[in-house]
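# Fold and contact review
Residue-level listing of the chains:
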Amino acid sequence: MIPGSRIIGLAARLVPARRRRDWRREWEAEAAYAWKCRSRNGQPTRVDALRLRARVSTCVIDALWERKETMKMTGLFDDMRFAVRSLRRYPAFTVIAVLTLALGIGANSAVFTLVDGVLISPLPFDDSERLVSLQHLGREGRDELPVSDGLYILYREQVESVEGIALYRGTAVNLVAGTESRRISAQYVTPTFFDVLGVPPRTGRAFLEEEGRPGAEPVAILSDGLWEEQYGRNPDVVGRTLDVDGVSRRIAGVMPEGFGHPDREARIWLPYAVDPAQAPLAAFGAEGIARLADGASIEALHTELSGLTSRLPERFPESGAAAFLAEVNLRPVVLPLKQAVVGDVSGTLWILLGTVGFVLLIACANVANLLLVRAESRQRELALRVAVGAGRLQVLRSLMAESVVLAAVGGMLGAGIAALAVRMSLSALPAGLPRVAEVGVDSRVLAFTAVIALGCAAFFGFFPLLRYGAGDLAGQLREGGGGGAASHGPRRNGLRNGLVVAQMALALVLLVGSGLMLRSFQALRSVDPGFDPDGVLVARLSVPGAEIEGWEETVAFYRQLRERILAQPGVAAAGFTQGAPLTGGMSYFSIEVEDHPRGPDELPVFARNVNVGPGYLEAMGIRLVEGRTFQEGDGAEGLRAAVVSRTFAEMWWPDATPLGRRMRIGYEGEDWYEIVGVVEDVHHLSLEEAPEETIYWPATVGPAESPFPTRSRDIAIKTAGDPLELVPVLRREVRALNPRIPVSNPRAMTTVVSDATSRTSFTAALLGVASGIALLLGLVGIYGVVSYVVSQRTREIGVRMALGATAPSVRSMVVRQGLLLAGVGVAIGLVAAGALSRIMSSILYGVSATDPVTYGSVGVVLVMVALVASWVPARRAAAVDPSRALRME
Amino acid sequence: MGRLFSLTYPTAAVLLAIQAQHRYGFDIMDATGLPDGTVYPILRRLERRGVLVGAWEEESTARAEQRPQRRYYRLTPVGEEALAEVMERFPALHRLFETGTV
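Within any chain, residue numbers begin from 1 and follow the written order of that chain's sequence. Numbering of ligands from 1 and lettering of chains from A proceed in the order in which they are written. For a predicted model such as this one, the threshold for reporting local features is a pLDDT of at least 70, and the threshold for listing and counting side-chain atom pairs is 80 or more; totals across whole chains, interfaces and linings nevertheless cover every residue.

### Topic: the overall build of chain B
To keep it simple, the criterion reads: Strands are runs of DSSP state E lasting at least 2 residues, helices are runs of H or I lasting at least 4, and numbering of each runs from the N terminus. Partly exposed residues are those falling between the two cut-offs: more than 12 but fewer than 20 other C-beta atoms within 10 Å of their own, whereas 20 or more means buried and 12 or fewer means exposed, with C-beta atoms placed from the backbone. Any two residues are considered in contact once their C-beta atoms, placed from the backbone, lie within 7 Å.
Assigned secondary structure in chain B consists of six helices and two strands. Helices and strands appear in chain B in the N-to-C order α-α-α-β-α-β-α-α. Taking all 102 residues of chain B together, 30% fall into the buried category. Restricting the contact set of chain B to residue pairs at least 6 apart, pairs at least 24 apart contribute 57%.

Encoded structure:
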């Protein structure tokens, strides 16, 4: 044995694998030569052997040097530079991969921007996690009640686990400047409001405690926007006065930009006056918020409030209201403020994020497939690199580096797409989406984008590694470089088939999701709202007491306006309502029915109430079932008549006519109203919920000597043409009657209805786009795999055809392969969709989450797509000329 | 053009040894008299910089002597240029190797 050969063997392990074989060969050859030379003149001595061993052992230094050099060479920077260079050599591949990724990542970032702005990011207040919303439930959850003035006073005095409590109530006011008058959003807030939220005014001061009492000097606080519009950001605005609803108010301060709760609609804040001496306990007129005291928990606050509400009758033995609240079993509800603001939209948003997440997975699978195909066609190049001394690790690293570069470029483009999409889609967001003003691309969104881009790189970069990660790369590549013998390995096809199956399964899940949303949307659209929105204009009018004081004048104003509108050409009907259907806001009152007196143990009965004037039911197209609708003269000032909905009538008088029966608002001393008509049920609150029993009272109710007309009303005008053309006419007629009363929020009723379906249609549209992309990518995936397999099997197909296989049989052989992939994908996808669609059930309407029609048709669609995708390569396969195919290799 | 390697005495010695037809690792060690551990790293570095190129000797030669093929090194055109600089900087050094050749 040659001295030192064992040292060479050991040292060789230090040498990077790609160099090891040559390195060892060189050293062994040198040692062998030296030993041979020494052996020429007879047997070498022990000293000779020792000398050689000493010299050979320096190979360790050489080996260490090799190792160090290789590590230096495989620096990340070099990898990246190499990756960019190599990607630029395949521009088509690179562009497709980058665009696919940019779309996938961009969609995710855009939806994440929405999710982050609405759901994740904290409310824009200091210590916002200490903010809670206060509400109440009665009758075991059947009544949702906010906060009453009386409870506010009680809680402020008694509750220790809060730092402060505030009430607010949204409204709209007429802002009069000179002869111009306009209607702006406003909020009545208790003086504590700004303090509880922890935002002081930027200029001036917040409301003083005494300004929240009846009879205090009228003051107002401006929003930043109104300050700019009205006063051009003049810093000396504090102390000036402005005319709000006919009342001159002194400006106390200006709030900073972006302030608002629960949204940023309010332009001006007015003090919410609470009279501690006689604050009603059971009039739930305002929303409540509170800031928890240091260290206090929501549970502690809830316990404290429950203790107070359960002992209301003990505390107020004289109060009928306290007894009433005990009767309905009033229970406080304390929610984190963010949860209260965001409400039920979170389900929809998370589903959307999941959806685009699926699209990204599919996009990644597609890119992984592209990379695999490219790796196949690059075998010569890779083999060359191994031959010139690149180690396996280095080749794999450079493949990974390409994935990272692709994902990085895709991510950057994606962030751009997201920013653009967010800016463009803010107006398309569903009506009533909370916190929209807070949505925007920020550093968190960019961080999210970077993380998913890296995740993508890891995901699709992993497959080429799997392909080349094991075994003797050099040998594998040398073989592959020859002519694709290695590409028939079941392992590689398995990977690519697996990716396609996964794509099909994911696409199916998305298609099922969008199919279900589409069916929900259809179901919603086919709901009969109970009224006819076509050709109906609605607009808001408000007559402040300061403008027209007396009830007769108010009634006269509305009557004259109606007459003027009816005189216009094309107007078929017109009338007023306290609130048009689906525009939000309806009141509940407890009522009494004369021939069904309430027993001592029975809970009071609540019903939805709307005050409407003559002509309204006709204008809105609410169909009369029985009796008559309202006429001029119905109301507190004339005949006390009421109209009820069909459900209401059937609930109380299932077997008899309700006409002529009497009912009243459920307080002692109220007047009885006679039912004169029954109308069809109307979806007042939403299309999803079943219509509730509803009572239509006249527009003017109350005691005969001093009745109170509804001061804020929606006018509904039915016309034969485009309802929006009536807007200038309406404004003109209102101005002619009183120029200081503005017309606000004019809308076609058809718009109101489509807004009511907007969340469903928005979700359906987004899911539709997502599943469209998924379907396209799935199609490309199947096409790619099948046509690649066909190109690999050209020779085999040639042989088959030479042996007598017919074109149709070859075609069906190829198509079968595509269909098999699709079939497996569809089967897996159906199971996954069945499991996942349950999450969606909360946003579905009128369709089950496991609707067989949707599942079946989606499965058929996917199989058809697979058929189309494999048909093209199948035709190519059948057109193979046997003689040419056989000559090919 | 900047130089691709630092022209130290050991590097110069290795280049001159190769020019003087000492082409194998152990031969170069003998010819230069450099410590055994230094020669190979110099060869590797020079090869990587394109100054030298290594190749396997003819199989027949090795087979005739019943030993494995050795790897020999020769100068590339870059190496020839580098050598000119060696001559300039170490004018006396090349004589050391001329005596070594036959």
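Additional details are given in the paragraphs that follow.
### A look at the overall build of chain A
Scanning chain A from N- to C-terminus turns up 29 helices and 24 strands. Out of the 889 residues in chain A, the part that is buried amounts to 44%.

### Things to note about the nonpolar core
All names here are of chain A. Applicable threshold: Think of a nonpolar core as buried Ala, Val, Leu, Ile, Met, Phe, Trp, Tyr and Cys residues chained together by C-beta atoms that fall within 7 Å.
Ranked by size, the top nonpolar core spans 167 residues in total, and within it L508, A642 and A774 carry the most contacts. The biggest single contributor to this core is helix α19 (residues 490–525), with 18 residues. Residues contacting A642, with those up to four places away along its chain left out, are M663, Y673, E674, I675, V676, I695, Y696 and W697. Among the nonpolar cores identified, the runner-up in size contains 60 residues, and V244, A266, I268 and L312 belong to it.

### Topic: helix α7 (residues 149–158) of chain A
Taken together, the buried positions of α7 of chain A are occupied by D149, G150, L151, Y152 and Y155 of chain A. Taken together, the buried residues of α7 of chain A touch β3 (162–177), β10 (287–292) and α10 (298–310) of chain A.

### Examining the interface of chain B and chain A
In many analyses, interface size is given as the accessible surface area lost on bringing the parts together. Operational definition: Ten residue types, Ala, Val, Leu, Ile, Met, Phe, Trp, Tyr, Cys and Pro, are classed as nonpolar, four, Asp, Glu, Lys and Arg, as charged, and the remainder, Gly among them, as polar.
On the side of chain A, 15 residues touch chain B, which itself brings 14 residues to the contact. For the side of chain B that touches chain A, the secondary-structure elements that each account for two or more residues are α2 (25–32) and α3 (36–48) of chain B. No other element matches the five residues that α3 of chain B contributes to the side of chain B that touches chain A. Across the side of chain B that touches chain A, the residue classes tally to five nonpolar, three polar and six charged.

### Observations regarding the confidence of the model for chain B
All names here are of chain B. Heads up, the rule is: What pLDDT conveys is the predictor's confidence in a given residue, as a value from 0 to 100.
This prediction gives chain B a mean pLDDT of 83; 89% of its residues lie at or above 70. By mean pLDDT, helix α6 (residues 93–98) is the weakest element of chain B at 74, and strand β2 (residues 71–75) is the strongest at 91. For this predicted complex, the interface confidence comes out at an ipTM of 0.90, alongside a pTM of 0.63.

### Some details on unusual backbone geometry
Residue and element names in this part refer to chain A. With an omega of 0 degrees, the peptide bond running from H261 to P262 counts as cis. One non-glycine residue with positive phi stands out, namely R233, at about 60 degrees. Within the secondary structure layout, R233 lies in the loop between α9 (224–231) and β7 (241–244). A tally of 12 C-beta atoms within 10 Å means that R233 is categorised as exposed. The backbone of D245 sits at a positive phi, close to 50 degrees, despite the residue not being glycine. Mapped onto the elements of the fold, D245 is located in the loop between β7 and β8 (247–254).

### Structural notes on the environment of R496 of chain A
All names here are of chain A. Its place among the elements puts R496 in helix α19. Classification of R496 as buried rests on a count of 23 C-beta atoms within 10 Å. Between the C-alpha atoms of R496 and G784, which are 288 residues apart in sequence, the distance is 9.7 Å. Not counting chain neighbours up to four residues away, the residues in contact with R496 comprise N369, L372 and V785.

### Focus: the packing of α2 of chain B against α3 of chain B
The packing of two helices is summarised by the inter-axis angle and the distance between the axes. All names here are of chain B. So the rule is basically this: Orientation is described by lines fitted to C-alpha atoms, with helices fitted over the stretch in contact, and by angles between N-to-C directions that extend from 0 to 180 degrees. Here roughly perpendicular refers to angles of 65 to 115 degrees, roughly parallel to angles under 35, roughly antiparallel to angles over 145, and oblique to all remaining angles. Should the near helix be turned anticlockwise from the far one by less than a right angle, the crossing is left-handed, and should it be turned clockwise, the crossing is right-handed.
It is the contact of α2 with α3, at a shortest axis distance of 10 Å, that shows an interaxial angle of 125 degrees. Put simply, α2 runs oblique to α3. You can see that α2 and α3 cross each other, and the crossing is right-handed. Two secondary-structure elements touch here, α2 through G25, I28, M29 and T32 and α3 through D36, V39, Y40 and L43. Considering only residue class, the contact of α2 with α3 consists of five nonpolar, two polar and one charged.

### Thoughts on the environment of E59 of chain B
All names here are of chain B. Positionally, E59 belongs in helix α4 (residues 59–64). In this structure E59 comes out as exposed when scored by C-beta crowding, with 10 C-beta atoms within 10 Å. Sequence separation of E59 and R70 is 11 residues, and the distance between their C-alpha atoms is 9.1 Å.

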